[in-house]
Structures are given as structure tokens and as C-alpha cells.
2 protein chains.
Amino acid sequence: MQTKVKGDGGGAVRGADGDPLTPLELGAWRGLLRAHADLVRRLDAGLRVSHGLSLSSYEALMLLGTSPRGRMRISELSGATLLSVSGMSRMVDRLVRDGLVVRESCEEDGRGAEVALTPSGRGRLRAARAAHLADVRREFLGRFADDELREMSGFWSRIEPDGRGA
Amino acid sequence: MQTKVKGDGGGAVRGADGDPLTPLELGAWRGLLRAHADLVRRLDAGLRVSHGLSLSSYEALMLLGTSPRGRMRISELSGATLLSVSGMSRMVDRLVRDGLVVRESCEEDGRGAEVALTPSGRGRLRAARAAHLADVRREFLGRFADDELREMSGFWSRIEPDGRGA
DNA sequence: GACCTTTGTTTGCATCGTCAACTATCCTTT
DNA sequence: AAAGGATAGTTGACGATGCAAACAAAGGTC
């Protein structure tokens, strides 16, 4: 049962709708924001100084590198990452400018662009990969036990879907 | 003990340094990224359409609203949020432009600027507050039990400090 | 096969954020 | 009290992003 106390002295674990966040709630919510920001900043900095890649461009290259066909549509990339389609389009612009990928026109769909790694992109990915994975493990995964990671995964899945139905 | 199997068929729960992330690791790591992105996007959108505030400007106004002296230094605001000092300086620019806060020169320190809510800023904050807190509870806090939130807080605190010592 | 709808991508505009360089002030030391 | 160094904040240049509108090509439908 959730503790819903309105106007008590401060022992409430959960606040009602308009109440200020309780310490418990603050810890979970602000903690998420701060932990994410810290973590991303560290990992991004690591990739950037060592390999000139942002975290999101790494993710894009990595998706391309493991894609079975070796090339992906913009929308496919966007769906698999956290970027909007337009954001991904611009990211691909930058990757093209840096010579890491090429845009190819799509055979089956004249609207489409397909994106593929260049040799240079493949090399950059390979160079960055091990170090980045080690970073992720050192800064994040390594700080939790297996069952904690499992539990965390479960937490995340509860946030995802929603949509909007009541 | 952590399962560290190198080169097995796919049953590994944890990978070694250079290995690709296992499903367990992926679930926790990508899940964090996605959950955060989804959550922030939803809350930001809610605040923005209803009250013309971004999540970070809400946080700044909220800090000002609950500050004992009613006004705060730029660096104080920056330290309490996730923005750099220069980022906060620009955010204050926007808030000033929108008439929600004022910059006052600081009595004790001639370099300093102090930031204080205007009546309009106070009003905007009050108008946004309840709806935003309800959003946070609906989209995030409400999906977890008390002890889960407590556990989550514990997780966050393990990411924070580090520094760099081995 | 012209028309309308849907879908994939790009672009215009605005916001938001960082780092590095700069200015202004403060503080300590001599 | 002048010099040197630390600290607070602002600004310039730039990079990312998102949303909405614009485009372009497919795919029906009649």
C-alpha cells in the first residue's frame, strides 16, 4: 500500500499529486537525471578525446557495423537509436562529412537513402569499440551484480511503453 | 562471482572487457539510455505545451522558488542542476528575456549576479508545478513500489562519485 | 493513368548546450 | 598598495537536436 499522507509533518514516503516530492521520490527522480547526465558525459568525453566520436555517432556506426546487410536506412537507424529521423539525417551528414559513412541511393525505394560504413568508418569503429565497451563496463555495468542488472532492465521496461491509454 | 566467459556460445551473462555486450548488459545499459530519453521527452513536452517551460527552466525556477533567500547565484544554480555555468548563464538570459526572473547585482561580490523570480516567474512556476509533479508521478514514480524507488536511489549513488581512483 | 494518401528524407527555424577565451572583481602576499 | 593569482560570469564559435513544413517517390483507387 502506498503511503499517501497529505499535510503531515514530513514522514510521508510518497506524496499525493500536487505535493512536493518526498526525499524518497527526489532520490529516485533527481538521481536518475544526475546519474544519466554524469554517465553520458563521462562516456562521451572518453570517446571524443580518444577517437573523435560522440556517443551517438558511435551508436550509429556500431549499428551499421553489426547490421547484417552492412547498410541501413535512415529511419531504421533512427528507430534503433534515440534520435529523431531528422536528427539522424543530420548526424549522417556529419558522418559523411567526416568520411566515416556514405549515403547510397536505395535500389528498391527511390525516396530512400541507405547508409554504409566506409573503410575509414569501419576502422574508426574498430579502434573505438573495445575502449568504449571497457568504459561502459567500468563506469556503469561493473558497479552492479548480475541480478541487479536484471532488476534494472525490468525497471526500464516499465517506463517504455505507455502510449497514452489511461 | 561474476560470470566471465570468453568465447562461449552465447550463454554468458557478463562479457569481458572487449567482448560485445551481452543481452543482460544491453538491457541495462541501452534500457537506461532509452528510458531516460523517453521520460525526459515526455515530461519536457508536457511542460512546454502547457506552460511554455522546458524541463531545465522549470528546474531553475523551482530552485529559485524554494531558495531560502529567494535569490541565488548563477554558480549556485549551476551546481544544483545539470547545466554548466555558461549554460546556466544563457538559461538565465532566456528567463530574463521571458520576464520570469531578474538579474540583480550582488551586494557582497561585485563580480556576481544574483537571480530572483519576478512575480510573473513565481506565477508561472505555481501554475506549472502541480501539473509537472503529477506528470513525474504518472510517468515515472507511480510505476514503482516504495522499496523499488529506494533500491533505485541506491543504484544512482553508485554511479555518482568515482572521481578516478582505481 | 491522373489523383490522393502515405511514407522516407531533408530543410528552415529555434533552442539548448559545451568549451575556450575574455572581463571584472576579489583576495593574498609581499 | 601593487602584483599575481583565483574566482564569477559573460560571450563567441560551434555542434546537436527537435518540430513542423517542404519535398519526393510509392502505392492505391477509380
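Structure shown above.
It should be emphasised that the depicted structure is a prediction, and the values quoted were computed from it without experimental measurement.

*Asks:* Report on the interface of chain B and chain A, specifying residues and quantitative values.
*Replies:* Counting from both sides, the interface comprises 62 residues of chain B and, opposite them, 62 residues of chain A. The junction of chain B with chain A conceals about 6200 Å² of combined surface from both sides, 57% of it contributed by carbon and sulfur atoms. At the surface where chain B touches chain A, the tally comes to six salt bridges. Of the charged contacts, one joins Arg137 of chain A and Glu25 of chain B as a salt bridge, the two residues approaching to 2.8 Å between their closest N and O atoms. Here the side of chain B that touches chain A gets 19 residues from one element, more than from any other, and that element is helix α1 (residues 23–51) of chain B. Here the side of chain B that touches chain A is composed, by residue class, of 30 nonpolar, eleven polar and 21 charged.

*Asks:* Would you mind going over the sheet that holds strand β1 (residues 71–73) of chain A in detail, with residue names and values included?
*Replies:* What holds strands together in a sheet is hydrogen bonding between their backbones, with the strands either parallel or antiparallel. All names here are of chain A. Sheet architecture is open: three strands sit in the order β1-β3-β2, paired in antiparallel fashion. Of all strands in the sheet, those bounded by a partner on one side alone are β1 and β2 (101–105). Geometrically, the sheet is characterised by an average inter-axis angle of 30 degrees between neighbouring strands, direction not taken into account. Taken together, the five bridges between β2 and strand β3 (residues 113–117) define a ladder with antiparallel strand orientation. Bridge pairing in β3 links Glu104 to Glu114. Across the face of the sheet, helix α2 (residues 55–66) comes into contact with β1, β2 and β3 while running at roughly 90 degrees to β3.

Analysis parameters
- Residues numbered from 1 in each chain as written.
- Chains lettered and ligands numbered in written order.
- Predicted model: local features only at pLDDT ≥ 70, side-chain atom pairs only at ≥ 80, totals over all residues.
- Heavy atoms only, no water.
- Contact = heavy atoms within 4.5 Å.
- Buried area = accessible area lost by both parts, 1.4 Å probe.
- Salt bridge = Lys/Arg side-chain N within 4 Å of Asp/Glu carboxyl O.
- Helix = DSSP H or I, 4+ residues; strand = E, 2+ residues; numbered from the N terminus.
- Nonpolar A, V, L, I, M, F, W, Y, C, P; charged D, E, K, R; others polar.
- Pairing = 2+ DSSP bridges.
- Axes fitted to C-alpha atoms, helices over the stretch in contact; angles between N-to-C directions.

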